[in-house]
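Residue-level structure breakdown
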Amino acid sequence: MEIFKTKEALKAYLKPLKASGKKVALVPTMGALHNGHISLIKLAQENADIIICSIFVNPTQFTDPKDLEKYPRPIEHDLAMLNDAGCNGVFMPNVAEMYPSGADENWHIDLGKAEFLLEGEFRKGHYQGVTQIVKKLFDAVEPDVAMFGQKDFQQVLMIKNMLAHFKLPIKIITCPIIREDDGLAMSSRNIHLSETDRKNALVLSKSLQFVADNFASYSLNELEKQAKSFYHNVEGVELDYFTIANGDTLEPSKSKDESNLVALVAAKVGNTRLIDNMIIK
Ligand code: AMP
């Protein structure tokens, strides 16, 4: 497995491969890898010949400096996991490589109304930072396909909007959420959960599963009300939002007849903010 710290070295590696007709996939990550990330690598291998994983903790998408500071960075462990998974190359630039004129460089694109809903409401400017770095990674790799997890449902929408904005010819593949055996969605942030937090965190997947399992039995209002009631008696868990939304607009769903419905949740568990979602139909 090759390791690249500069765009130049990465491009030099990819150039002859692309010239010989190899299809390239990019898997962007912030490191602290788990089996969710590895599932993206595996799916990438089914869709391309050369897999590049990027590891970059992007400062412009963090709204809380403490969150950025405490973001886990177990790089040796990450490289070992990627090597075992058969990843071809890892792009791990430093901040100066991605932001040569400083991380406060100007960036603003129209991502549509959904930018300001849900995560966008709680993390102002987050999706500008996400699309800014993903555009830079796309420019560095110029992949045929790029893999993103459904775990960050709103992020996939925003990336697709960014792609349309720049008319980039990249295929986006959305990968299913990988969960622990008890249902907790895998996340790099789970490492911060205490033993009690870890148990309490199950309320997220349980409340989503409740909606999926009982969709036929209740009205949308009642489903949401009952799902929210899961959080009433869990100490140390603070719900930011629980919504059943239209999967294209992220606006609260108005009718069970809509074709694309997703339940989305964000909650603080102890000091750790977690997100999860389930596609209902
Ligand atoms: P991150 O390193 O958290 O920025 O995540 C990198 C990519 O992995 C994103 O596209 C995420 O949506 C995806 N991802 C994170 N957690 C999971 C999971 N549990 N299952 C599948 N994909 C995931």
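Residues numbered from 1 in each chain as written. Predicted model: local features only at pLDDT ≥ 70, side-chain atom pairs only at ≥ 80, totals over all residues. Heavy atoms only, no water.

Some remarks on the overall build of the protein
What the protein contains, in helices and strands, is 11 helices and nine strands. A globule of 281 residues ought to have a C-alpha radius of gyration of about 19 Å, and the protein, at 19 Å, matches this closely. Here the C-alpha coordinates of the protein stretch approximately 55 × 40 × 35 Å along the principal axes. Relative to its full complement of 281 residues, the protein shows a buried share of 53%. For the protein, the share of sequence-separated contacts (at least 6 apart) that also reach a separation of at least 24 residues comes to 72%. (Helix = DSSP H or I, 4+ residues; strand = E, 2+ residues; numbered from the N terminus. Rg over C-alpha atoms; globule rule 2.2 N^0.38 Å. Buried < 20%, exposed > 50% of the residue type's maximum accessible area, 1.4 Å probe, protein only. Contact = heavy atoms within 4.5 Å.)

As for the packing of aromatic side chains
This structure, assessed with the given rule, holds eight aromatic pairs. When the ring of Phe56 is compared with that of Tyr99, the centres are 6.4 Å apart and the planes differ by 35°; the resulting orientation is tilted. Note that Phe56 is positioned in the loop between strand E3 (50-55) and helix H3 (65-69) and Tyr99 in the loop between helix H5 (95-98) and helix H6 (119-122), a separation of 43 residues in sequence. Pair check on accessibility: Phe56 and Tyr99 agree, each one buried. (Phe/Tyr/Trp six-rings, centres within 6.5 Å; stacked < 30°, edge-to-face > 60°.)

Some remarks on empty space enclosed by the protein
Leftover empty space is mapped by rolling, across the atoms, a probe with the size of a water molecule. This structure, assessed with the given rule, holds one cavity of 30 Å³ or more. Lining the largest cavity are Lys151, Leu184, Ala185, Ser187, Asn190, Ala201, Leu204, Leu274, Ile275 and Asp276. When the residues that make up the lining of the largest cavity are grouped by side-chain class, the tally is six nonpolar, two polar and two charged. (1 Å grid on protein atoms, 1.4 Å probe; cavity = no way out; pocket = protein on both sides within 12 Å on 5 of 7 lines; lining within 4 Å. Points joined across faces, edges and corners; volume = space filled by probe spheres on them. Nonpolar A, V, L, I, M, F, W, Y, C, P; charged D, E, K, R; others polar.)

Quick look at the sheet that holds strand E2 (residues 24-29)
In space, the six strands of this open sheet follow the order E1-E4-E3-E2-E5-E6, with parallel pairing throughout. Looking at which strands have only one partner, the edges of the open sheet turn out to be strand E1 (2-4) and strand E6 (171-175). Neighbouring strand axes in the sheet, compared pairwise and without regard to direction, differ in orientation by 25° on average. Looking at chain direction, strand E5 (residues 145-149) and E6 are connected through five bridges and run parallel. (Pairing = 2+ DSSP bridges. Axes fitted to C-alpha atoms, helices over the stretch in contact; angles between N-to-C directions.)

What about the UniProt feature "binding site: beta-alanine" (unreviewed entry) in the protein?
Annotation from UniProt places "binding site: beta-alanine" (unreviewed entry) at Gln61. Counting through the fold element by element, Gln61 comes out in the loop between E3 and H3. Beyond its immediate chain neighbours, meaning those up to four positions away, Gln61 contacts Met30, Arg123, His126, Gly129, Val130 and Ile133. Polar side-chain contacts of Gln61 include one of 3.0 Å to the side chain of Asn58. (UniProt positions renumbered as here; feature names shortened; annotations may be inferred. Polar contact = N/O pair within 3.5 Å; in protein donor to acceptor, adjacent residues only side chain to side chain.)

Quick look at the environment of Leu202
Within the element layout of this structure, Leu202 appears in helix H10 (residues 202-214). Considered as a pair, Leu202 and Gly183 are 19 residues apart in the sequence and their alpha carbons are 6.8 Å apart. Setting aside residues no more than four positions away along its own chain, Leu202 makes contact with Asp182 and Leu184.

Description of helix H11 (residues 220-229)
Within the sequence span of H11, burial applies to Leu220, Leu223, Glu224 and Ala227. Looking straight down H11, one finds its buried side chains confined to an arc of 95°; they lie on one side. Seen from the buried face of H11, the exposed residues on the opposite side, beyond 90 degrees, are Asn221 and Lys225. Buried residues in H11 make contact with H10 and strand E7 (237-246). (Arc of directions from axis to C-beta.)

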